[in-house]
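# Structural description and commentary
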Amino acid sequence: MFKIVVLLSGEGSNLQAIINQIDLGNIEAEIVAVISNRADANGLNRAEKAGIPNIVLEHIHFSDREAFDQSLAQIIDSYEPDLIVLAGFMRILSDGFVEKFQNKIINIHPSLLPKYKGLHTHKRAIENGDEEHGATVHFVVPTLDSGEAILQGVVPVKKGDTEESLAQRVHEIEHIIYPQAIQKVIGQT
Ligand code: GRF
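Position labels on residues start from 1 in each chain and follow its written sequence. Two thresholds apply to this predicted model, a pLDDT of at least 70 for residue-level local features and 80 or more for giving and counting side-chain atom pairs, whereas whole-chain, interface and lining totals are computed over all residues. As a rule here, side-chain values come from all non-hydrogen atoms in the structure, and water together with hydrogens is ignored.

### Quick look at the side chain of N14
Strands are runs of DSSP state E lasting at least 2 residues, helices are runs of H or I lasting at least 4, and numbering of each runs from the N terminus. Structurally, N14 is set in helix 1 (residues 13-23). Exposure classes here rest on a 1.4 Å probe applied to the protein chains alone. A residue is buried below 20% of its type maximum, exposed above 50%, and partly exposed in between. For N14, a relative accessible area of 6% puts it in the buried group. For N14, the side chain forms a polar contact with the side chain of E174, separated by 3.0 Å. Filtering out sequence-adjacent residues up to four positions away, N14 remains in contact with A87, I108, H171, E174, H175 and Y178. Polar contact is the term for a pair of N or O atoms within 3.5 Å; when the atoms are in protein, one must be able to donate a hydrogen and the other to accept it, and sequence-neighboring residues count only if both atoms are side-chain atoms. Here, residues are in contact when the closest pair of their heavy atoms is within 4.5 Å.

In structure tokens:
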């Protein structure tokens, strides 16, 4: 069975979407562990409910990024995953970590990359008067939000949209494309 480790920091609605599609048989894989760098991440509860091993590794206890990433890599290695799925993992991974797991890490970013790398993507799309916005699932490379795209989901920017209303629309498309992108990667492996 294709093994997935999910890394997250917060709500975990994308994790939930992935769990749901695995349950429906639309993703031929198993989530072997969920790891959070925050103890209060709701994604941990979602993993627990689904019977998935969940681990907290708090970055605040480490002196630097490399030390945290080394511990993280050790835990991940113990699960021997085929794919590492970043689902709202709010930490930049060191080059060493990304290189170690080359072509094995994917992320979802809330913009139509290469547009709007980094933060505040919804605000920037509204301020620029874009008619379309969306999300991109991509492979992770050392340069932030720059790896090869696997799948994109497009949503309209509507008149009167606020950052919140647009973020919600993007979130809904994320829940559709992230599971699809994972199955696509599995099919190519
Ligand atoms: C999503 O908007 C994703 O694009 C970004 O982090 C958010 C995670 O949301 N990388 P959730 O924790 O899956 O609900």
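Picking up where we left off.
### Some details on the site of the ligand
Near the ligand the following residues occur: E11, G12, S13, N14, G88, I108, P110, H171 and E174. N14 places a main-chain nitrogen or oxygen 2.8 Å from an oxygen atom of the ligand. Under the convention used here, a 1.4 Å probe and the Shrake-Rupley method define accessible areas, while residue burial counts only the protein chains that appear. Considering the ligand on its own, with 370 Å² of exposed area, one finds that the protein chains cover 84% of that surface. Of all elements in the fold, only helix 1 and helix 6 (163-188) reach the threshold of two or more residues within the shell around the ligand. Side-chain classes are defined by residue name, with Ala, Val, Leu, Ile, Met, Phe, Trp, Tyr, Cys and Pro counting as nonpolar, Asp, Glu, Lys and Arg as charged, and the others, Gly among them, as polar. Split into classes, the residues belonging to the shell around the ligand amount to 2 nonpolar, 5 polar and 2 charged. Whether a residue is near a molecule or strand depends on its heavy atoms: it is near if one of them lies within 4 Å of it.

### Overview of unusual backbone geometry
Of note, the amide linkage connecting L113 to P114 takes the cis form, showing an omega dihedral of 10°. Considering the arrangement of structural elements, one finds P114 in the loop between strand 5 (105-109) and helix 5 (121-127). Of note in the backbone geometry, E80 takes a positive phi value of approximately 45° without being a glycine. Residue classification places E80 among the exposed positions, given a relative accessible area of 57%. The backbone of Y116 sits at a positive phi, close to 55°, despite the residue not being glycine. By secondary structure assignment, the location of Y116 is in the loop between strand 5 and helix 5. On the basis of relative accessible area, Y116 is assigned to the buried category, the value being 11%.

### Some details on helix 2 (residues 42-49)
Of all the residues in helix 2, the buried ones are G43, L44, R46 and A47. Angularly, the buried residues of helix 2 cover 160° about the axis, an arc narrow enough to put them on a single face. Away from the buried face of helix 2 by more than 90 degrees, exposed residues E48 and K49 are located. Turning to helix 2, the residues buried within the fold contact strand 1 (3-8), helix 1, strand 2 (30-36) and strand 3 (54-56). Just beyond helix 2, the residue with positive phi is G51, at close to 75°. Directions drawn from the helix axis to the C-beta atoms are what define this arc.

### Thoughts on the sheet that holds strand 3
Read across the open sheet, the 7 strands follow the order 3-2-1-4-5-6-7; overall the sheet is mixed. The outermost strands of the open sheet, each flanked by one partner alone, are strand 3 and strand 7 (149-156). Ignoring strand direction, the axes of neighbouring strands in this sheet form an average angle of 20°. Interaxial angles span 0 to 180 degrees and are taken between N-to-C directions of axes, which are lines fitted to C-alpha atoms, for helices over the stretch in contact. Of the strands in this sheet, strand 1, strand 2, strand 4 (83-86) and strand 5 are in contact with helix 1, which crosses strand 2 at around 170°. Sitting on the sheet, helix 6 touches strand 1, strand 4, strand 5, strand 6 (132-139) and strand 7, and the angle it makes with strand 7 is about 155°. Two strands form a pair only when DSSP identifies at least two bridges running between them.

Read these as layout, nothing more, since geometry by itself doesn't imply function.
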